[in-house]
Amino acid sequence: MIELAGVTYTYPDTERAVLHGLDLSITEGSVFGIVGASGVGKSTLAKVISGFIPHSEGGELEGAVTVAGIDVVKATLLDVVSKVGLVTQNPFNQITGARFSVEEEIAFGLENLGTPRAEMIERVGAIIARFGIQELRDRSPFALSGGQQQLVALASIVVMEPVILVMDEPTSQLDPSGTRLVFDIIDRVAEQGTTVVLFEHKLELLREHAQVVAVLAEGQIVLSGAPREVLADDRLDQWGVGSTRFTSAARAAISAGLASADSAIPVSLNEAVSYFSGGRR
Amino acid sequence: MKVSVHGLEYVYPSGVKALDGVDLEVESGSRLGIVGQNGAGKTTLVRHLNGIFQPTVGTVRIGDWETKGRDIADLAARVGYVFQNPDEQLFARTVAGDVSFGPRNLGVPPERIDELVNLSLERVGLAGEGQTHPYHLSLSERKRVALASVLAMNTPIVVLDEPTTGQDARGVAMIERIVRQLNEEGRTVIAITHDMDFCAENFDRVVVMAQGRILADGEPADVFANGEALDEARVEPPQLARLATALGWTGPVLKVETFVNRLRDSERSR
Amino acid sequence: MTTLYLDRPSPIHRLNPVTKLVGLLAVVLVVFALPQWWASVAILVLVMVPAAVASGVGGRLLLVTLIIAGPLMLVLIVAQGFFYPGRETILFALGALQFSLEGLLLAVGVGTRTAVLVAASVLLLLTTHPGALMTALTERGMPAKVSYVVSSTLQIIPAFRTRAESILLAQRSRGLRTRGNIVRRVRVLLPLVTPLVLGVFVDVEERSTAMEARAFGSTRSRVSYAVIPDSRGQQFSRWALIVLALAVVVLSFTGVLR
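Small disclaimer: the values here were computed from a predicted structure and weren't measured.

## Topic: helix α4 (residues 58-83) of chain C
Owing to its 3.6 residues per turn, the α-helix brings residues three or four apart onto one side. Residue and element names in this part refer to chain C. For α4, which comprises 26 residues, the first-to-last C-alpha distance of 35 Å matches the rise-based estimate of 38 Å (1.5 Å per residue) to within 8%. Within α4, the axis deviates most sharply at Ala69, by approximately 40°, and proline Pro71 lies no more than four positions further along. Those residues of α4 not exposed but buried are Leu61, Thr65, Ala69, Leu76, Gln80 and Gly81. The inward-facing, buried residues of α4 abut α3 (37-55), β2 (97-100) and α5 (101-127).

So, in structure tokens, the structure goes:
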């Protein structure tokens, strides 16, 4: 579904490449998590997958980027955008200002895609119901809280039925309940077959919701695999990625001789419970 | 410096009551974490400390000053408030220029200002960026400039509004280090946060808020064991606390070392 | 949002925005084509007053029109009344100054014309939601970019006010004093205005990405989601109004209507 091979990218008017010879392969219908330190190129990678690099940002892009069967470099941004949705971290800046009500704001993308009216009405109604935002329908998108705006932004993209949804730290500015709502929607969207590429710092949630996790460091994907293995890897620290306290506790137990270094290190609460109830010998 | 809040109520001009009788005594040099959902009143409470809001009912004292009728700029000498959005305050052409804004306004002598600016930039890991234009930095670096600009004001009380939001692991470690340093210098640190693990590990007092009231107030160990208050405030306990509960342990566990010690004890008792 | 629009269940509100726009255009044409003082007064009384009453926003309309056109009317009456060169019939005198009927009528004519133009424009704005107006115009071929500039400006400007307040708070929290003499107030502007302006640039970049993510700028034919009601009757009326207004213009120019 998503194939990046040898991708190197340098922003315009800069010298250092942010991504160097990056390879990435994402299969259809999964929630694929990507972790990495700030500034390492997560947003850059998000823009490459969603076509904004090179079409919107310029700069120098080398390598092959194939997304949903489209060669991103050869296609137009519009071609890519109709298949790949992008959600970013600032809720306010994703409210376009093109429309005066939440309902019409959500429909805006469909209007631009030339969707017939009857279909628009059905799809917008369905999304509003799915996200549970009926009371927000007639309100001005600018009069909403950050969490509500992020839901509206997400609805506006998901209603376009993208095959791939790229999310660049979507919960970064939300409180815990807003975060839970977004992750609920990620699950539901993935159930319907959408491939979700999720850039996140919240490791416990990533463990719970992602099927594959990869680490971006030094301009490349340095590790990729099952969430439990990746998020318990002991090189995460050198790559600027943290660990859950469950992992830290297990490592400390091993250092203290209270656990064997052979049993799989836990990442989630349930794994930690098994581990410390006897799975660690 | 001590912070005293008595019977604080606050009603917005729109009529919404954001604080419904808050009492809080923060001892000089302590570290207080405030948690609760958005809308619980955390920010409203904390904005009374530097005079952004004036109490509708009740009093707020910063040291020996009552905030009533005092200008925000006056209280800035005692309370340094680090806002969440750096782009709502960065304006100078250089990082050093922006970081020196606060001390300049407070009337700090020029020689001392340079010292404070350099020290603050070092603390946030931006030591070489004094002459950089702030908007050439990334968002997380700009947040650090904003933090440095308040540290440079050298205030006895420092308020942090969601300092770890959006930060990666190294960013959180830096914030933890700064909280510890401020504490070692005897300053009072008050932070609003959604990160329960950060709160449990770095603060000696936690307050849980919901609907304009304080539901729980005490040491992290006690507060994070208070299931009722946490439920009502829709706040989840920190990871280690949940693990201890799930393992059937009684008593609080907030730090990894504590966890390991309890593990060792439970081994021995077999 | 920055707008005059007041939501009411009136027949004027329910009219298609383009009908109202054509109505405004017709009023403008007629009022300029007929310079006689009584023409503007006739339109005010026979067209604007009934429309104001029907719209349910007559009170606000009267207020805004008075605020804008009232002072002008007073100035005109004084200036033309006392100083109009074509004076013949003197109504009264104040010392050496003589107040003429001709001057008064001229002033009333020009003042009323202004009042009619203001009232018609404001009535359009009071009874038409900007979103509906933009949708109706875009359906008829106005570029979507124009619509976007209008809607985003109306909505984002108030958001800047909130941001300006936050900036003020942040700077005051760093010790900035805002009261005092004029010199201080000018110095205070830089730390308040700079973040506001720079913030716009940061936002614009991100928002334009969001717009592109919604496929804005696509050349596919678009149907609008919102339905703006129209009718044969209104279509006919629009043509009729234009024909009528043009007829008045022609008749006036050829000297028939004098």
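The structure having been displayed, the exposition proceeds.
## Some words on the sheet that holds strand β1 (residues 3-11) of chain B
The pairing of strands in a sheet comes from backbone hydrogen bonds and takes either a parallel or an antiparallel form. All names here are of chain B. Here we have 4 strands laid out as an open sheet, ordered β2-β1-β4-β5, and antiparallel in their pairing. Where the open sheet ends on each side, the last strands, each with one partner, are β2 (17-26) and β5 (65-66). Pairing geometry for strand β4 (residues 57-62) and β5, over 2 bridges, is antiparallel. When the sheet's bridge partners are listed, Ile62 is paired in β5 with Trp65.

## Digging into the interface of chain B and chain C
Each partner contributes to the interface: chain B provides 19 residues, whereas chain C provides 19 residues. At the level of elements, α2 (72-75) and α4 (101-105) of chain B are the ones that each hand at least two residues to the side of chain B that touches chain C. Among the elements that take part in the side of chain B that touches chain C, α4 of chain B stands out by supplying 3 residues, more than any other. When its residues are assigned to classes, the side of chain B that touches chain C shows 12 nonpolar, 5 polar and 2 charged.

## Details of the pairing of β1 of chain B
Residues and elements named next belong to chain B. Relative to β4, β1 runs antiparallel, the two being bridged by 5 bridges. Across the sheet, the residue bridging to Glu9 is Val57, located in β4. Across 7 bridges, the pairing between β1 and β2 is antiparallel. Its bridge partner lying in β2, Ser4 is registered against Glu25. Hairpin remark: β1 followed by β2, antiparallel, with 5 residues in the connecting loop; positive phi at Gly15, about 100°.

## Points about the domain arrangement of chain B
What the domain assignment lists for chain B is domain 1 (1-78 + 157-169 + 187-236), domain 2 (86-154) and domain 3 (238-270). The gap between the C-alpha centroids of domain 2 of chain B and domain 3 of chain B is 42 Å.

## Focus: the sheet that holds strand β1 (residues 2-10) of chain A
All names here are of chain A. One open sheet accounts for 4 strands, arranged β2-β1-β4-β5; its pairing is antiparallel. Of all the strands in the sheet, the pair left with one neighbour each is β2 (19-26) and β5 (70-71). Inspection of the sheet shows β1 paired to β2 by 5 bridges, in the antiparallel sense. By the bridge assignment, Val7 is partnered in β2 with Leu22.

## What to know about the interface of chain A and chain C
Where interface size is quoted, it is often the accessible area lost as the parts come together. If you look at the interface, chain A gives 32 residues, while chain C gives 27 residues. Put simply, the parts of the chain that give the side of chain A that touches chain C at least two residues each are α3 (77-81), β6 (84-87), α4 (102-112), α5 (117-131) and α6 (146-158) of chain A. For the side of chain A that touches chain C, the per-class residue count stands at 14 nonpolar, 14 polar and 4 charged.

## So, the packing of helix α6 (residues 130-139) of chain C against helix α7 (residues 144-172) of chain C
Residue and element names in this part refer to chain C. Axis separation between α6 and α7 bottoms out at 9 Å; the angle between their running directions is 175°. Classified by the angle their axes make, α6 and α7 are roughly antiparallel. Contacts from Pro130, Gly131, Met134, Leu137 and Thr138 of α6 reach α7 at Ala144, Ser147, Val150, Ser151 and Leu154. Of the residues in the contact of α6 with α7, the class split is 6 nonpolar, 4 polar and no charged.

## Notes on the domain arrangement of chain C
Once the domains are mapped, chain C shows domain 1 (11-128 + 228-253) and domain 2 (143-213). Inter-centroid distance (C-alpha atoms) of domain 1 of chain C to domain 2 of chain C is 39 Å.

About the cut-offs
Residues numbered from 1 in each chain as written. Chains lettered and ligands numbered in written order. Predicted model: local features only at pLDDT ≥ 70, side-chain atom pairs only at ≥ 80, totals over all residues. Helix = DSSP H or I, 4+ residues; strand = E, 2+ residues; numbered from the N terminus. Expected span 1.5 Å × (residues − 1). Bend = angle between axes of the 7 residues up to and from the residue. Buried ≥ 20, exposed ≤ 12 C-beta atoms within 10 Å, placed from the backbone. Contact = placed C-beta atoms within 7 Å. Pairing = 2+ DSSP bridges. Nonpolar A, V, L, I, M, F, W, Y, C, P; charged D, E, K, R; others polar. Domains from an automatic or database assignment. Axes fitted to C-alpha atoms, helices over the stretch in contact; angles between N-to-C directions. Parallel < 35°, antiparallel > 145°, perpendicular 65-115°, else oblique.

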